[in-house]
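Fold and contact review
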Amino acid sequence: MNLQKQVVVDCYHFSEPCVEIVAEKECDSCRDYVCLYVCPAGLFDVQNGEVVFNSSGICLECGACRLVCDNIRFRYPAGGQGVIHRFG
Amino acid sequence: MEKKGGKPEKTKFQVLVIGAGAAGTTAAYFLAKAGVDVLLLERGPYPGSKNMSGGAVYSLPTRELVPDFWLEAPVERVLVDQQYWLMTETSAVKLGFSSVDFDNPPYNKFSVLRAAFDRWYASKAVEAGAKLWSGCKAESLLFDGRQVIGARVSGTVNDDILADITILAEGANPLLAEQAGLIKKAEAKNYSLYVKQLFHLPENLINERFHLKGRQGSVIGLLGDNTAGLIGTGSIYTFREHIGINTGISVKTLAEKKVNLSDIIDRVNHHPAIDPLLREGTLVEYLAHMIPEGGFNAIPSMVFNGAVIIGDAAGLVNGTHGLSLAMYSGKYAADTAVEALEKGKYSRKVLKAYRDRLENSFVLKDLRDNRKVPALYSENPKLYEDYIKLVNQVAFEVAAVFPVSRREKRKLIESRAFNAKSAGKMLLDLYKVIKVIR
């Protein structure tokens, strides 16, 4: 799967990633990988059979991941941080 | 080094509005105009910096709120041309209506870019007397027993902000209301995920490609192959020097069918009818945003002791009315808050007037009338796709010139159409649609 998406957006640094995996063990037995498909920025990947979240990638802050998996905790970046829409 | 937010000059307001999008800003604007001490919070560095629309603003509903807004708002183009393209992989049946009558006040639709539009709109609220704190995020709601009494904020300001009434306008992900247990967690089936790409092209080239004059603009609704046969929709908007193309698909469908939206949009951009419009354009922005599309049946409770939910956070949005539903919900929340402040009572019972105002307006009337539409699509996922293919096939036969008599050709077309679907099946589908759309 091609996870390198052509993401073009301004982003101010973020001190914490928007996505936190609640219990990493749960991901080890998961074979649905729905997070990979719903993330429009391609920030989830499977490496050696394990789901990993690219915490340095630019999250577009849509929140779709939180709706498809209860093992994902999504929060918006801190005030003033994260993506900045120049056009919107 | 992380910049630490300072202490604000004051921490108590009559009304706290969380989120400076179309809904929250409308609420703050009308509250300020009524002389209410209102604070508008925006987590982004400026209002609009987190927002995304197709996007148009509809003139007739909006001018009721802000008369002659087009004279000062940063509108991009006057939309005078509306098209619908029914697409298969290699063809498109194009339907449309153009009228230069839409190019006269009060106009019909304008294309807008939210980063500029929302920033302007928030400045109107500030001009009217609202306080705006940008770069300031509400982390959690504050309670006194079961009464919402404000929010803990961080960013440019770190403090507990108290308010008689809190208006939650936090957008498509109502995280604060969920965290506080006011509403249940949102469900994937009630949301569509949209990706929007914005391409820069010279103004005159856009005018040539879309057959437009000056600042007139075009919007094209895309149906069919642009969502690879999945339940969804998309559109193309012309802006002054940009073309926006967006595609949206139900989040539940993306998860179930295991497709990534970014792969689908690559395919859309290469469609033979779309590629010539975007050619040589420079991609300047790639954004994603969810839109609540569960309709009336997915609207959560909106009224609580000391708080109301407005805009996308309450599912108050749809394709026909766009931003207007959010804006009007902000207006009704403001009217209700003004009344409550006069009474000095902020209970759920008093704030219920907000819900009543929505019920009596086009906001909930429209959502209620169309409450069966989301189920029609989820129960008949191939409804669109099948007929769009059929229409394209028939159009192909009509357009193609065969060395046969016209009578023979008519028979051929009829047999093609009824081979694809029996007349009975077509009537049944038509009945299903008519039953739902009133």
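These figures come from a predicted structure and were not determined experimentally. (Residues numbered from 1 in each chain as written. Chains lettered and ligands numbered in written order. Predicted model: local features only at pLDDT ≥ 70, side-chain atom pairs only at ≥ 80, totals over all residues. Heavy atoms only, no water.)

Points about the overall build of chain B
Check the secondary structure of chain B and you find 15 helices and 17 strands. What you see for chain B is a C-alpha radius of gyration of 24 Å, in line with the 22 Å of a compact globule of 438 residues. Each of the three principal axes of chain B carries a C-alpha extent, and together these read 85 × 45 × 45 Å. Taking all 438 residues of chain B together, 57% fall into the buried category. Residue pairs at least 24 apart in sequence account for 71% of intrachain contacts in chain B once pairs closer than 6 positions are excluded. Within the structure as shown, chain B displays about 19,300 Å² of accessible surface, and the carbon and sulfur contribution to it stands at 53%. With 57 positive and 48 negative side-chain charges, chain B shows a spacing of 5 Å between the two charge centroids. (Helix = DSSP H or I, 4+ residues; strand = E, 2+ residues; numbered from the N terminus. Rg over C-alpha atoms; globule rule 2.2 N^0.38 Å. Buried < 20%, exposed > 50% of the residue type's maximum accessible area, 1.4 Å probe, protein only. Contact = heavy atoms within 4.5 Å. Areas by Shrake-Rupley, 256 points an atom, 1.4 Å probe, with all protein chains shown as cover. Lys, Arg positive; Asp, Glu negative; His and termini not counted. Charge placed at Lys NZ, Arg CZ, Asp CG, Glu CD.)

Details of the side chain of B:Ser49
Within the secondary structure layout, B:Ser49 lies in the loop between strand E2 (38–42) and strand E3 (56–58). Reaching out from B:Ser49, the side chain makes a polar contact with the backbone oxygen of B:Tyr46 at a distance of 2.6 Å. Those residues in contact with B:Ser49, other than ones at most four positions away along the chain, are A:Val83, A:Ile84, A:His85, B:Glu42 and B:Gly44. (Polar contact = N/O pair within 3.5 Å; in protein donor to acceptor, adjacent residues only side chain to side chain.)

Examining the interface of chain A and chain B
Each side of the interface is counted separately: chain A has 40 residues, and chain B has 52 residues. Roughly 3,700 Å² is buried in total at the junction of chain A and chain B, and carbon and sulfur atoms are behind 54% of that figure. Taken together, the connections running from chain A to chain B amount to four salt bridges. Close ionic contact of A:Asp70 with B:Lys185 constitutes a salt bridge, the shortest N to O distance being 3.3 Å. Taken together, the connections running from chain A to chain B amount to 28 residue pairs in polar contact (both at pLDDT 80 or more). Of all elements in the fold, only helix H2 (34–38), helix H3 (64–68) and strand E6 (82–84) of chain A reach the threshold of two or more residues within the side of chain A that touches chain B. (Buried area = accessible area lost by both parts, 1.4 Å probe. Salt bridge = Lys/Arg side-chain N within 4 Å of Asp/Glu carboxyl O.)

So, the packing of helix H1 (residues 22–33) of chain B against helix H3 (residues 114–127) of chain B
All names here are of chain B. Orientation of H1 relative to H3, taken along the N-to-C sense of each, is 20°, at an axis distance of 8 Å. It follows that H1 is roughly parallel to H3 by the angle criterion. The two elements H1 and H3 cross, and the hand of that crossing is left-handed. Across the interface between the two elements, Ala 22, Thr 25, Thr 26, Ala 28, Tyr 29 and Ala 32 from H1 touch Arg 114, Asp 118, Tyr 121, Ala 122, Lys 124 and Ala 125 from H3. In terms of residue class, the contact of H1 with H3 is built from seven nonpolar, two polar and three charged. (Axes fitted to C-alpha atoms, helices over the stretch in contact; angles between N-to-C directions. Parallel < 35°, antiparallel > 145°, perpendicular 65-115°, else oblique. Left-handed = near helix turned anticlockwise from the far one by under 90°. Nonpolar A, V, L, I, M, F, W, Y, C, P; charged D, E, K, R; others polar.)

Concerning the domain arrangement of chain B
Residue and element names in this part refer to chain B. With domains assigned, chain B is organised as domain 1 (12–53 + 60–71 + 114–184 + 300–369), domain 2 (75–112 + 185–297) and domain 3 (376–436). If you average the C-alpha positions of domain 1 and of domain 2, the two centres end up 28 Å apart. Counting residues at the interface gives 22 residues for domain 1, matched by 21 residues for domain 2. Roughly 1,800 Å² is buried in total at the junction of domain 1 and domain 2, and carbon and sulfur atoms are behind 68% of that figure. For domain 1, the biggest contributors to the area lost against domain 2 are Met 52, Trp 70 and Ala 172; these three give 35% of the whole. Counting every contact that joins domain 1 to domain 2 gives zero salt bridges. There are four residue pairs in polar contact (both at pLDDT 80 or more) connecting domain 1 and domain 2. Counting residues per element, the ones that place at least two in the side of domain 1 that touches domain 2 are helix H2 (59–65), H3 and helix H11 (362–369). A per-element tally of the side of domain 1 that touches domain 2 places H11 first, with three residues. (Domains from an automatic or database assignment.)

Overview of the side chain of B:His242
Secondary-structure assignment places B:His242 in strand E14 (residues 242–250). A relative accessible area of 9% places B:His242 in the buried class. Not counting residues up to four positions away in its chain, the partners in contact with B:His242 are A:Phe87, B:Leu198, B:Phe199, B:His200, B:Leu201, B:Ile206, B:Tyr237 and B:Val284.

Some words on the nonpolar core
In this structure, B:Val15, B:Ile167, B:Leu316 and B:Tyr354 are the most contacted members of the largest nonpolar core, which totals 85 residues. Top element by residues in this core is helix H9 (residues 323–343) of chain B. It accounts for eleven residues. Non-local contacts of B:Ile167, meaning those with residues more than four positions away in its chain, are made with B:Val15, B:Leu16, B:Val17, B:Ile18, B:Ala27, B:Leu31, B:Val308, B:Ile310 and B:Ala333. In terms of nonpolar packing, the next biggest core, distinct from the first, is built from 66 residues, A:Phe44, B:Trp85, B:Ala188 and B:Val195 among them. (Core = buried A, V, L, I, M, F, W, Y, C linked by side-chain atoms within 4.5 Å.)

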